[in-house]
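Survey of secondary and tertiary structure
Residue-level listing of the chains:
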Amino acid sequence: MAGNGNTDGEFSFSAAAARDALPRITTEKGAKSTTSSDVCHDDTASRVNFQTIDQLHSLQKKRSAPTTPLKEGGGVVMGTSGPTTPVSGESMLQSVSASLASLTRETGPKVIRGDPTSAAKVMAHVPQTPTSAPAADVSDSSLKFTHVLHNLSPAELYEQAIKYEKGSFVTSTGALATLSGAKTGRSPKDKRVVKDETTASELWWGKGSPNIEMDEQSFLVNRERAVDYLNSLDKVFVNDQYLNWDPENRIKVRIVSARAYHSLFMHNMCIRPTAEELENFGTPDFTIYNAGKFPCNRFTHYMTSSTSVDINLGRREMVILGTQYAGEMKKGLFGVMHYLMPKRKILSLHSGCNMGKEGDVALFFGLSGTGKTTLSTDHNRYLIGDDEHCWSETGVSNIEGGCYAKCIDLSREKEPDIWNAIKFGTVLENVVFDEHTREVDYTDKSVTENTRAAYPIEYIPNSKIPCVGPHPKNVILLACDAFGVLPPVSKLDLAQTMYHFISGYTALVAGTEEGVKEPRATFSACFGAAFIMLHPTKYAAMLAEKMKAQGATGWLVNTGWSGGSYGSGSRIKLAYTRKIIDAIHSGSLLNATYQKTEIFGLEIPNEVEGVPSEILEPMNAWEDKVAYKDTLLKLAGLFRNNFETFTSHKIGEDGKLTEEILAAGPNF
Ligand SMILES: Nc1ncnc2c1ncn2[C@@H]1O[C@H](COP(=O)(O)OP(=O)(O)OP(=O)(O)O)[C@@H](O)[C@H]1O
Ligand SMILES: O=C([O-])CC(=O)C(=O)O
Ligand SMILES: [Ca+2]
Ligand SMILES: [Mn+2]
């Protein structure tokens, strides 16, 4: 119930009553007055545009063109309702209503913008009971009213978050600091994918696959649980947005969530529709029900904890229960793209992407924390995207509309563009700040190591909008090698590129996945096994074909340790890695002289401008050469073990390439 007078509800004073109660002292127009003209000029009376405090407040918020369609009859339902404009675009209402349907509830929630507490009057205008005879299965739940806050603006979402979500604060630079709750990283062990007749044969299942099966019935149980939870709330947030900047392969997504934090996160991370596009949005291609903190029922079949992230490709739906970590939504949709795009002969990539002034495009593959966001955000190049891309017949396109940067130890000097992007509109997850100044301490890991900023891509000054580009010239594989034995940079032939792409090696940096506290060696096929849906060799074959057709060069860049393993050596300076990347972009590295390393057979340059030559051959940087050799052999063994599962697979049509890839691994 609104306690606000500007909806002219029962408790508001009419303007006339207020005037009558306290008669105004008026000066008649044109009256002779000694004080009115020259000496004491009082101009307040003629400028006043309001007669009550409420009206004054209503002036503060200027009415804007709606981002939500205003259709049906006279358009605005409540012309006098002030700044929160209720809307009733019939088709959208029906579509949202269908999204929120459950066994216990089938009413269409009212779509409004802004804060529901100031729109109480609207409710009275909406018939809430069925016009025909009551259905037999009517329940209290079905009679309950839920406000749908549809595509709110960042400012409105800030207000919602600060008012209703504990742990929401505005930082000194204007970002919205939020807490994601108990989960501060993704929960891959709780991810389930519905195995039905189609997906049983199409998807990658079994050892090494991220797709843990569940059946349709269990999915529906979780779906109903999430939808009932969302309907039990006073309000839910609905985002209608797009994925993929390639207009021919754009996917419409709807995200239903309980928190303004989630809505703002997705506002930033997905592509934002224009008002016109939103008006004609229609039915989404894919819908997420994010019940966040509400757990799954552990007695539901297939559940192993109170968290469950479920994808149903047949129904084009995803359900999230028991985790509020927003990255689940982003990466869940990425998984969906890894299914939908290859069907269209488009390769989906866990990579960053940028473009030089000459139009040369580079892809940056790598697992979490290896430097995709950091290195694709480059002051001298156009940013196409930092994490998820498609490579089609015509070139590359970003899947997302925003970036999701790690913030731990973020510094203005080393990463100025990311630093400056943390401003109004940006969601800052799990950071610690001064309680008074609200200045963020990026070195503080009290909440988690995996602190993150989600901002719209246009917050990076040299972002390329629309986020598309021509075919890549360089394909850079990033590995954060905690063993410290991989060279800072090596040039790969096609077979080596494929070998390392399928291996997907890194030392997982703490925090992005639940339960990982220390870096450790890990292999993740296609540098993103957690997100792929098909067998890794399917993506590898497409990459090989595209790289070959475009004559792209592969590179392996170690953004991890040098001079010793984690603990004894140190992480390669970001400034050096940037110099290496510069040399790749400029083409100068292609013309360097190379030598081949033992065991891995990697081509390493003798010189890179701006990088001390002694670190280019990793052995030189180690004091203990025996320890180096032992560690190198140990890592080679891990590579070999990991690749065993792929040795029986053919990659693409070319039997010769498969042979070459198998031979491109470590030799010892
Ligand atoms: N030599 C280096 N090269 C790249 N990054 C480095 C280097 N040294 C330290 N870093 C730090 O490593 C982190 C790399 O994280 P980044 O956000 O770029 O990862 P990412 O690959 O985008 O991961 P995700 O897929 O999880 O978003 C940053 O915090 C960066 O400052
Ligand atoms: O998904 C996340 O939470 C962060 C991310 O980009 C990744 O892990 O690759
Ligand atoms: Ca990133
Ligand atoms: Mn990522």
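Residues numbered from 1 in each chain as written. Chains lettered and ligands numbered in written order. Predicted model: local features only at pLDDT ≥ 70, side-chain atom pairs only at ≥ 80, totals over all residues. Heavy atoms only, no water.

Labelled according to an unreviewed UniProt entry, the chain appears under the name phosphoenolpyruvate carboxykinase (ATP), originating from Brassica napus. In its Function (unreviewed entry) section, UniProt records this for the chain: "Involved in the gluconeogenesis. Catalyzes the conversion of oxaloacetate (OAA) to phosphoenolpyruvate (PEP) through direct phosphoryl transfer between the nucleoside triphosphate and OAA." For the record of the chain, the UniProt heading Pathway (unreviewed entry) holds the text "Carbohydrate biosynthesis; gluconeogenesis." (UniProt positions renumbered as here; feature names shortened; annotations may be inferred.)

1. Notes on the overall build of the chain
Each helix and strand in the chain was counted, giving 20 helices and 31 strands. Here the chain holds 668 residues, and 56% of them are scored as buried. Contacts in the chain between residues far apart in sequence, at least 24 positions, make up 73% of those at least 6 positions apart. Summed over all atoms, the accessible surface of the chain reaches about 29500 Å², with 53% contributed by carbon and sulfur. (Helix = DSSP H or I, 4+ residues; strand = E, 2+ residues; numbered from the N terminus. Buried < 20%, exposed > 50% of the residue type's maximum accessible area, 1.4 Å probe, protein only. Contact = heavy atoms within 4.5 Å. Areas by Shrake-Rupley, 256 points an atom, 1.4 Å probe, with all protein chains shown as cover.)

2. Here we look at the coordination of the manganese ion (ligand 4)
With distances of 2.2 to 2.8 Å, the protein atoms coordinating the manganese ion (ligand 4) are K331 (NZ), H350 (NE2), D387 (OD) and D387 (OD). Along the chain, the residues that donate to the manganese ion (ligand 4) are spaced as K-x18-H-x36-D. In this structure, the manganese ion (ligand 4) lies 4.8 Å away from the calcium ion (ligand 3). With K331 in helix α12 (residues 327–343) and D387 in the loop between β14 (382–385) and β15 (388–392), this residue pair connects regions lying 56 residues apart in the sequence. (Donors = N, O, S within 2.8 Å, 3.2 Å for Na, K, Ca; no water.)

3. Some words on the pattern of salt bridges
As enumerated under the stated definition, the model contains 18 salt bridges in all. For the salt bridge of K629 with E598, the shortest nitrogen-to-oxygen distance reads 3.8 Å. Of this pair, K629 sits in helix α19 (residues 625–643) while E598 sits in the loop between β30 (594–596) and β31 (603–605), and the two are 31 residues apart along the sequence. Residues joined in a network through salt bridges with shared partners are K330, K331, K372, D387, E388 and E400. (Salt bridge = Lys/Arg side-chain N within 4 Å of Asp/Glu carboxyl O.)

4. So, the site of ligand 1
In the vicinity of ligand 1 lie 21 residues, with S368, G369, T374, E415 and R452 positioned nearest. Between G371 and ligand 1, the recorded distance is 3.1 Å, taken from a backbone N or O atom to an oxygen atom. Measuring from an oxygen atom of ligand 1, one finds a backbone N or O atom of K406 at 3.5 Å. Within the complex, 91% of the 650 Å² of free accessible area of ligand 1 lies under protein. Where the shell around ligand 1 is concerned, the elements lending two or more residues are α13 (372–376), β17 (402–406) and α17 (574–586). A per-element tally of the shell around ligand 1 places α13 first, with 3 residues. Split into classes, the residues belonging to the shell around ligand 1 amount to 5 nonpolar, 9 polar and 7 charged. (Near = heavy atom within 4 Å. Polar contact = N/O pair within 3.5 Å; in protein donor to acceptor, adjacent residues only side chain to side chain. Nonpolar A, V, L, I, M, F, W, Y, C, P; charged D, E, K, R; others polar.)

5. Notes on the sheet that holds β17
Read from one edge to the other, the open sheet built from 5 strands follows the order β3-β4-β18-β21-β17, with strand pairing classed as mixed. Strand pairing shows two members of the sheet lacking a second neighbour, β3 (169–170) and β17, which therefore form its edges. Bridge count for β3 against strand β4 (residues 176–178) is 2 bridges, and the pairing is antiparallel. When the sheet's bridge partners are listed, F169 is paired in β4 with A177. Across the sheet, helix α10 (residues 260–269) lies against β4, β17, β18 (427–429) and β21 (452–456), angled at about 120° from β18, the strand it touches most. (Pairing = 2+ DSSP bridges. Axes fitted to C-alpha atoms, helices over the stretch in contact; angles between N-to-C directions.)

6. As for the confidence of the model for the chain
Summing up the model confidence of the chain, the mean pLDDT is 86 and the portion of residues at 70 or higher is 82%. Low confidence marks residues 1–46, where pLDDT is under 50. Its contacts with residues over four positions away, or in another chain, come to 23 contacts. In the model, residues 120–134 has pLDDT below 50 throughout and makes 15 contacts with residues more than four positions away in sequence or in other chains. ipTM for the predicted complex: 0.97, alongside a pTM of 0.86. (pLDDT = per-residue confidence, 0-100.)

7. A few points about unusual backbone geometry
Here the amide bond leading from I465 into P466 is cis, since omega sits at -5°, within 30 degrees of zero. For P466, the position within the fold is in the loop between β21 and β22 (468–469). With phi around 80°, Y302 is a residue other than glycine that occupies positive phi space. Among the secondary structure elements, Y302 is positioned in the loop between β9 (286–290) and β10 (308–312). Classification of Y302 as partly exposed rests on a relative accessible area of 24%. If you check the backbone angles, K345 has positive phi at about 65° while not being a glycine.

8. Notes on helix α9 (residues 216–232)
Taking 1.5 Å of rise per residue, 17 residues should cover 24 Å, and α9 covers 24 Å from first to last C-alpha, within 8% of that figure. Inspection of α9 places S218, F219, N222, R223, E224, A226, V227, Y229, L230 and N231 among the buried residues, and these make up the whole buried set. (Expected span 1.5 Å × (residues − 1).)

9. Observations concerning the pairing of strand β7 (residues 235–243)
Summarising burial for β7: 9 of the 9 residues are buried, a large majority. Note: strand β2 (residues 147–150) against β7, 4 bridges, orientation parallel. Each bridged residue has a counterpart across the sheet, and for L149 the counterpart in β7 is F237. Relative to strand β8 (residues 251–257), β7 is paired through 7 bridges, and the arrangement is antiparallel.

10. A short note on the packing of aromatic side chains
The tally for this structure, following the rule as stated, stands at 19 aromatic pairs. A ring pair is formed by Y499 and F643, whose centres lie 4.4 Å apart and whose planes are at 25°; its orientation type is stacked. One end of the pair, Y499, is in helix α15 (residues 494–503); the other, F643, is in helix α19, with 144 residues separating them in the sequence. The class for Y499 is buried, based on a relative accessible area of 2%. Looking at F643, the relative accessible area reads 3%, which means it is buried. Three or more aromatic residues joined by ring pairs form one cluster here, namely Y499, Y505, F523, F600, F639, F643 and F646. A cation sits over an aromatic face here: K423 above Y459, 4.4 Å from the ring centre. (Phe/Tyr/Trp six-rings, centres within 6.5 Å; stacked < 30°, edge-to-face > 60°. Lys NZ or Arg CZ within 6 Å of the ring centre and 35° of its normal.)

11. A few points about the packing of α15 against helix α20 (residues 655–663)
The contact between α15 and α20 brings their axes to 8 Å, and the two run at 70°. As judged from the angle between their axes, α15 and α20 are roughly perpendicular. The way α15 lies across α20 gives a crossing that is right-handed. Between α15 and α20, the residues in contact are L494, A495, M498, Y499 and I502 and L657, E660 and I661, respectively. Considering only residue class, the contact of α15 with α20 consists of 7 nonpolar, no polar and 1 charged. (Parallel < 35°, antiparallel > 145°, perpendicular 65-115°, else oblique. Left-handed = near helix turned anticlockwise from the far one by under 90°.)

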